[in-house]
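A look at the structure
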Amino acid sequence: MTVIIERANNLELLVDFLADMNHQKTNHIGFCGTDKADILQALKEDFVNEKGEVSFLIAKRNTGEMMAACGLDIENNEAEVWGPFNKTERMEWDVQLWQRLIDRYPSVQYFSFFINEENRKQQAFMKQIGAKQGRKHLYLVIYRNRFENADERKCRFFTEPDFPAFRQLHDSIFPNTYYDAETIRNRLNKNNVLKVLKDDHGDFVGYAYFEINKELSEASLEYIAVADRYQNKGFGRLLLKEVLTAIFAFPKIDEIHLTVDADNHHANHVYEKIGFKKGDTLIHYKIQY
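Numbers given for residues are sequential positions, taken from 1 along each chain in its written order. Local features in this predicted model are restricted to residues whose pLDDT is 70 or higher, and side-chain atom pairs enter the listing and the counts only when it is 80 or higher, whereas totals over whole chains, interfaces and linings include all residues. With hydrogens and water stripped out, all remaining heavy atoms of the structure feed into the side-chain values.

**Focus: the nonpolar core**
Counting 48 residues, the largest nonpolar core has Phe166, Tyr207, Ile256 and Tyr271 as its most contacted members. For helices the rule is a DSSP run of H or I covering at least 4 residues; for strands it is a run of E covering at least 2, with both sets numbered from the N terminus onward. The element contributing the most residues to this core is helix 7 (residues 235-248), with eight residues. Throughout this description, the term nonpolar core refers to a set of buried Ala, Val, Leu, Ile, Met, Phe, Trp, Tyr and Cys residues connected via side-chain atoms within 4.5 Å. Only protein chains enter the area calculation, which uses a 1.4 Å probe; residues under 20% of their type maximum are buried, those over 50% are exposed, and those in between are partly exposed. Ranked by size, the runner-up nonpolar core spans 47 residues in total, among them Met21, Ala42, Trp82 and Leu97.

Right under this line is the structure:
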C-alpha cells in the first residue's frame, strides 16, 4: 500500500478527521476536543505560523483518504503533541509521522502528550519512543443548571502587589506547568482573569485563573490553588464557588471545564459536591530530545 506523508494543507478535512477520531475513547487524545468549531479555532491559533504553515503532518493513501495525523502546538522549545491519531493498527505510520515532525522542528526539545487511559494503542506508542509516564489528569465539567451561585464574595481581582505571593504559590503547586506565573500575568485581560483570596489579616490564601472564550461561549478554569496552611479549612470550596459564580456571570457561558490531578481524591470530592461531573482521564507523557 502506498502511503503519502505530507503537511496538512486542508484544515477542514483535518478537523473532520480529528473530531471523528476523538469521539472514540480508544483513539482519544486530549486536549484536542470533539467540537469541530473548537478544533478549527485551536488549529488556526496554535498550529499555524506567521507564514501560514500548519505544524501538522498527515498520512494518507494514494486515494487521498487520511489515515493518520500528528501535530505540534509549539511554544519556544516546547510542544504539546496532538496525536498521533491513527485509524489503523499500523504503528509504523505513527513512527514515520513522529520522526518527520521532530526532524522538521529541531529547535523543539521537550514534548508533552495527553493520552486517554482507554487509548491503549498510543500508550504502546509512548513506550516505543521512550516517553516517560507522568500523572493522570481527570477532566471535569460543570453546567450552569447544576450550580448554585456563591452568596458572599471575598475574592478580588489580582493587582501587581499580589505578584510575589502568587508566583511563590503557583510555582510550588504547579512546577514546570504550561503557564508559569509570569506567563499568566502577561496573559491577563478582560477575558483572562486572575482572582485572589486573602484572609482577614491580608495574607495570601489562594488564587484561581480562568479564561473566557466569548466567541465560542466557553470557559476553562486553568488553575486553582490554596496555600498549605489554609487547606482543609473551607477556603478551597469558598474560592471555587466564587470563581464559578464569576464565570457564570457571563450570560452565554453554560459550562466550565477543569482538569485536575486524578489522584487528588480529597479535592476531586469537593469538585463533585459543588456539581462537577467526571469526564475522561488523561495520562501525561513527556519526552526530551
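**Details of the packing of aromatic side chains**
Two aromatic rings from Phe, Tyr or Trp, using only the six-membered ring of Trp, form a pair when their centres are within 6.5 Å; if the ring planes differ by under 30 degrees the pair is stacked, by over 60 it is edge-to-face, and anything between is tilted. Enumeration according to the criterion identifies 15 aromatic pairs in this entry. Considering the side-chain rings of Phe31 and Phe114, the 4.9 Å spacing of their centres and the 55° angle between planes classify their relative orientation as tilted. Placement of Phe31 in the loop between helix 1 (11-22) and helix 2 (36-46) and of Phe114 in strand 5 (residues 110-116) is noted, with a sequence separation of 83 residues between them. A residue is classified by how much of its surface remains accessible, and Phe31, at 33% relative accessible area, is partly exposed. With a relative accessible area of 11%, Phe114 lands in the buried category. Ring geometry for Phe166 against Tyr207: centres 4.8 Å apart, planes inclined by 85°, an arrangement best described as edge-to-face. Of this pair, Phe166 sits in helix 5 (residues 163-173) while Tyr207 sits in strand 9 (residues 204-213), placing them 41 residues apart in sequence. Overall, Phe166 belongs to the buried group, its relative accessible area being 0%. Through successive ring pairs, a cluster of aromatic residues spans Trp98, Phe111, Phe113 and Tyr289.

**Re the sheet that holds strand 4 (residues 78-86)**
The strand order across the open sheet built from twelve strands is 1-2-3-4-5-12-6-11-10-9-8-7, with neighbouring strands paired in mixed fashion. Each of the sheet's edge strands pairs with one partner strand only, and the pair in question is strand 1 (3-7) and strand 7 (156-157). Here, strands pair whenever DSSP counts at least two bridges between them. For strand 9 and strand 10 (residues 218-226), the ladder comprises eight bridges, and the chain directions are antiparallel. Following the sheet pairing, Phe210 is matched in strand 10 by Leu221.

**Structural notes on the packing of helix 1 against helix 2**
Orientation is described by axes fitted as lines to C-alpha atoms, over the contacting stretch for helices, and by angles from 0 to 180 degrees between their N-to-C directions. Contact geometry for helix 1 and helix 2: axes closest at 9 Å, N-to-C directions at 125°. In terms of axis orientation, helix 1 runs oblique to helix 2. Where helix 1 crosses over helix 2, the handedness of that crossing is right-handed. Only Lys36, Ile39, Leu40, Leu43 and Lys44 of helix 2 make contact with helix 1, whose side of the interface consists of Leu11, Leu14, Val15, Asp16, Leu18 and Ala19. Here the residues of the contact of helix 1 with helix 2 are counted per class, giving eight nonpolar, no polar and three charged. Roughly parallel covers angles under 35 degrees, roughly antiparallel covers those over 145, roughly perpendicular covers 65 to 115, and oblique covers all other angles. Here is the rule for handedness: rotate from the far helix to the near one, and if that takes an anticlockwise turn smaller than a right angle the crossing is left-handed, while a clockwise turn gives right-handed. It only takes one pair of heavy atoms within 4.5 Å for two residues to be counted as in contact. Residue polarity is assigned by list, with Asp, Glu, Lys and Arg as charged and Ala, Val, Leu, Ile, Met, Phe, Trp, Tyr, Cys and Pro as nonpolar; anything else, Gly included, falls into the polar class.

**Regarding the side chain of Asn119**
By the secondary structure assignment, Asn119 is in the loop between strand 5 and helix 4 (120-129). Residue class for Asn119 comes out buried when judged on its relative accessible area of 0%. If we skip the residues at most four places from it in the chain, Asn119 touches Lys25, Thr26, Asn27, His28 and Ile29.

**Re the environment of Leu140**
Note on placement: Leu140 falls in strand 6 (residues 132-143). Considered as a pair, Leu140 and Lys277 are 137 residues apart in the sequence and their alpha carbons are 5.5 Å apart. Ignoring sequence-local partners within four residues, the contact set of Leu140 consists of Ile256, His257, Leu258, Val260, Tyr271, Phe276, Lys277 and Lys278.

**Notes on helix 8 (residues 265-274)**
For helix 8, the full list of buried residues reads Ala267, Asn268, Tyr271 and Ile274. Mapping the buried residues of helix 8 onto a view down its axis gives an arc of 120°, with all of them on the same face. The outward face of helix 8, more than 90 degrees from its buried face, is lined by the exposed residues His265, His266 and Lys273. Structurally, helix 8 contributes buried residues whose contacts are with strand 6, strand 10, helix 7 and strand 11 (255-261). One or two steps after helix 8, the chain reaches Gly275, where phi turns positive at roughly 135°. Arc definition: directions from the helix axis to the C-beta atoms.

**As for the packing of helix 3 (residues 91-104) against helix 4**
For the pair helix 3 and helix 4, the least separation of the axes is 11 Å and the interaxial angle reads 55°. Judged on the interaxial angle alone, helix 4 and helix 3 are oblique. Between helix 3 and helix 4 lies a crossing whose hand is right-handed. In contact with Met91, Asp94, Val95 and Trp98 of helix 3, helix 4 contributes Lys121, Gln122, Ala124, Phe125, Gln128 and Ile129. The residue makeup of the contact of helix 3 with helix 4, split by class, is six nonpolar, two polar and two charged.

**Some remarks on the environment of Asp203**
Here Asp203 is to be found in the loop between strand 8 (192-198) and strand 9. Classification of Asp203 by relative accessible area gives partly exposed; the value is 32%. Once the C-alpha coordinates of Asp203 and Asp162 are considered, the two residues, 41 residues apart in sequence, prove to be 10.0 Å apart. Residues in contact with Asp203, not counting those within four places in the same chain, are Leu197, Lys198, Arg229 and Tyr230.

Any functional reading would require information that these geometric values do not contain.
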